[in-house]
Number of protein chains: 2
Amino acid sequence: MPAAAPAALASEVEVLAFDIFGTVVDWHGSLVRELAQTWPQVDGNAFALAWRAGYRPAMARVMSGELGWTLIDDLHRTILDQILPQFGLAHLDEAARQHLNRAWHRLDPWPDAVAGLQRLKSRYLLCTLSNGNLGLLTRMAKRAGLPWDCVLSAEVFRAYKPDPSTYLGVARVFDVPPARVMLVAAHHDDLAAASACGLRTAYVERPLEFGALQIKDVSPQPGNDLHARDLLDLADQLGC
Amino acid sequence: MPAAAPAALASEVEVLAFDIFGTVVDWHGSLVRELAQTWPQVDGNAFALAWRAGYRPAMARVMSGELGWTLIDDLHRTILDQILPQFGLAHLDEAARQHLNRAWHRLDPWPDAVAGLQRLKSRYLLCTLSNGNLGLLTRMAKRAGLPWDCVLSAEVFRAYKPDPSTYLGVARVFDVPPARVMLVAAHHDDLAAASACGLRTAYVERPLEFGALQIKDVSPQPGNDLHARDLLDLADQLGC
């Protein structure tokens, strides 16, 4: 078990900014459950992974300028339309596609997330920093009870992570030096980009992010300020 | 007492967007109390009114292009520096000015606001739509316990109310037609601009917005969908 954070770090940080997909909510498990309810014949694991796999290439097309600024809801929809035929669901009508696309608004939090966030909120200002759009993040939070003080998104900064303007944007919004913001994420590349901007970083282990068939390596990597099993452990380490 | 809202209106609306200064929080009373604590010799009523009076002209300079995009925290600070000498406070040092400027982050809610919002939140998605910046609105909400689902601001749309892009921006963020958004405000001009964009409108009486020496006319005006004494009355009218 990691040592408690030095008191200096815990009191230097004022804002905790959270990655969402995979870090706070279980996108894989939630999509698998949603599919199983309606189309039990579909391989939900493969479907969830295929939908998510289209995400980075789609964002790259926006950031390269090939596509104009696009909300994640719309990127998700483009990818969905592409993969439906592969899973025998080409017949879905517009209403069914819209409803399924909003599965990303209905993702369930990891079991520790709500209680962990509530504890962290007692000491820190909590915001999202996700590539998900504001409407998606707000509806997700309302349904799941995620107690954000502020919902921030790539949509506010018109750039996706790992663009530096997103990490520095959080510091600017709250008028604090970057070192007073800590990014909390289950992805080392996200954390490394934040660290390069001067933010503090906390890695959260989510070994089941991609499902039980593809366990993720969650071993510590150098460079992060904290390494936590989950958000309750993070609250312990930050003395909340 | 106004009649209850038609059930059709209450169920058509999905998002309630709230003006903040004067509608949800008592800027005049809060500033007067803050000044009285530290500089009891200053006329707090005149100081609060002078500070607020500089607000619209300062925003107009931004919207005309004379000034680049500027956060309200910075406009407040510019106005503060201008008025301090008139009140015998020209000697305040930088730290004192920064602290006083953040009085806008420490505004108290009207007595009905938190309970009213909690009731409204059970049925509607609640967001701010204020010219105040995100950091200001977030810190205010955290201190006062205002239970927003999402903090939206002129800062997100890079335009101040009454620019149509702010009202239409709320509908766009939540991917709903403008008629499914209701602006709640204590100012008829704000509501009229929202109505022109197709939003629904609810006027809230705040007769003491400018203090007890300058009671505001809060009589109903045609054109608003609802007219409420306060946010508890609004919750009653919307069946929350």
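Keep in mind it's a predicted model, so treat the numbers as computed, not measured. Every chain is numbered independently, its residues counted from 1 as its sequence is written. Key to labels: chains lettered from A, ligands numbered from 1, both in the order written. A pLDDT threshold of at least 70 governs which residues receive local features in this predicted model, and a stricter bar of 80 or more applies before side-chain atom pairs are shown or counted, although totals over entire chains, interfaces and linings include all residues.

### Things to note about the interface of chain A and chain B
One frequent convention defines the size of an interface as the accessible area lost when the parts assemble. Just so we agree on the cut-off: Here, residue contact means that the backbone-derived C-beta atoms of the two residues sit within 7 Å. Starting at the N terminus, helices and strands are each numbered in turn, a helix being any DSSP run of H or I of at least four residues and a strand any DSSP run of E of at least two.
At the interface, 14 residues of chain A touch 14 residues of chain B. Taken together, the elements giving at least two residues each to the side of chain A that touches chain B come down to α8 (134-144) and β3 (150-153) of chain A. Of the residues forming the side of chain A that touches chain B, the biggest block, five residues, is contributed by α8 of chain A.

### So, the environment of Phe157 of chain A
Looking at the element boundaries, Phe157 of chain A is found in helix α9 (residues 154-157). As for Phe157 of chain A and Gly169 of chain A, which are separated by 12 residues in sequence, their C-alpha atoms are 6.8 Å apart.

### Looking at helix α11 (residues 188-196) of chain A
All names here are of chain A. Rule in force here: Put simply, a residue is buried when 20 or more other C-beta atoms lie within 10 Å of its own C-beta and exposed when 12 or fewer do; between those, it is partly exposed, and each C-beta is set from the backbone. Here the arc refers to the set of directions running from the helix axis out to each C-beta atom.
If you check which residues of α11 are buried, you get Asp190, Leu191, Ala193 and Ala194. Buried residues in α11, looked at end-on, bunch into an arc of 160 degrees, giving them a common side. Every exposed residue of α11 that faces more than 90 degrees away from the buried side is listed here: Asp189 and Ala196. Here the buried face of α11 lies against α10 (164-173), β4 (181-185) and β5 (200-204). One or two steps after α11, the chain reaches Gly198, where phi turns positive at roughly 95 degrees.

### Let's talk about unusual backbone geometry
Residue and element names in this part refer to chain A. The peptide bond linking Lys161 to Pro162 adopts the cis configuration, its omega dihedral lying at 10 degrees. Here Pro162 is to be found in the loop between α9 and α10. Despite not being glycine, Asp175 shows a phi value in the positive range, around 55 degrees. Within the secondary structure, Asp175 is located in the loop between α10 and β4. With 17 C-beta atoms counted inside 10 Å, the residue Asp175 sits in the partly exposed group.

### Description of the domain arrangement of chain A
All names here are of chain A. The cut-off we apply is this: Boundary definitions for the domains trace back to an automatic or database domain assignment. Polarity classes work like this: nonpolar for Ala, Val, Leu, Ile, Met, Phe, Trp, Tyr, Cys and Pro, charged for Asp, Glu, Lys and Arg, and polar for all others, with Gly in that last group.
Split into domains, chain A comes out as domain 1 (7-26 + 109-237) and domain 2 (28-105). Contacts between the two partners involve 17 residues from domain 1 and, on the opposite side, 14 residues from domain 2. No other element matches α8, which puts four residues into the side of domain 1 that touches domain 2. Classifying every residue of the side of domain 1 that touches domain 2 gives six nonpolar, five polar and six charged.

### Details of the sheet that holds β4 of chain A
In a beta sheet, neighbouring strands are held together by backbone hydrogen bonds and run either parallel or antiparallel to one another. Residue and element names in this part refer to chain A. Keep this limit in mind: Strand pairing is assigned whenever DSSP detects at least two bridges linking the two strands. All axes here are fitted lines through C-alpha atoms, helices being fitted over the stretch that makes contact, and every angle between N-to-C directions spans 0 to 180 degrees.
Reading across the sheet, the six strands line up as β3-β2-β1-β4-β5-β6 and stay open at both edges, with parallel pairing between neighbours. Because the sheet does not close on itself, it has two edges, and the strands there are β3 and β6 (226-228). For this sheet the average axis-to-axis angle between neighbouring strands, irrespective of direction, equals 25 degrees. Here four bridges tie strand β1 (residues 15-18) to strand β2 (residues 125-130), and the two strands are oriented parallel to one another. What sits directly across from Val15, in β2, is Leu125. Seen against the sheet, α8 touches β2 and β3 and runs at an angle of roughly 145 degrees to β3.

### Thoughts on the nonpolar core
Applicable threshold: For our purposes the nonpolar core covers buried Ala, Val, Leu, Ile, Met, Phe, Trp, Tyr and Cys residues that link as a set through C-beta atoms within 7 Å.
If you look at the biggest cluster of nonpolar residues, it comprises 145 residues, and the most contacted ones within it are Cys127 and Val170 of chain A together with Cys127 and Val170 of chain B. When residues no more than four places from it in sequence are discounted, the contact partners of Val170 of chain B are Val15, Ala17, Cys127, Leu129, Leu152 and Val181 of chain B.

### Some details on the relation of the copies chain A and chain B
The cut-off we apply is this: Residues reaching a pLDDT of at least 70 in both copies supply the C-alpha atoms on which the copies are superposed by least squares.
Taken as rigid bodies, chain A and chain B are interconverted by a rotation of 180 degrees and an axial shift of 0.0 Å, the fit giving an RMSD of 0.0 Å. Expressed as a symmetry operation, the mapping of one chain copy onto the other fits a two-fold axis. The C-alpha atom lying nearest the rotation axis in chain A is that of Val156 of chain A; the distance is 2.8 Å. Mapped onto chain B, 100% of the interface residues of chain A are again interface residues, and the two copies thus contact each other with one and the same surface.

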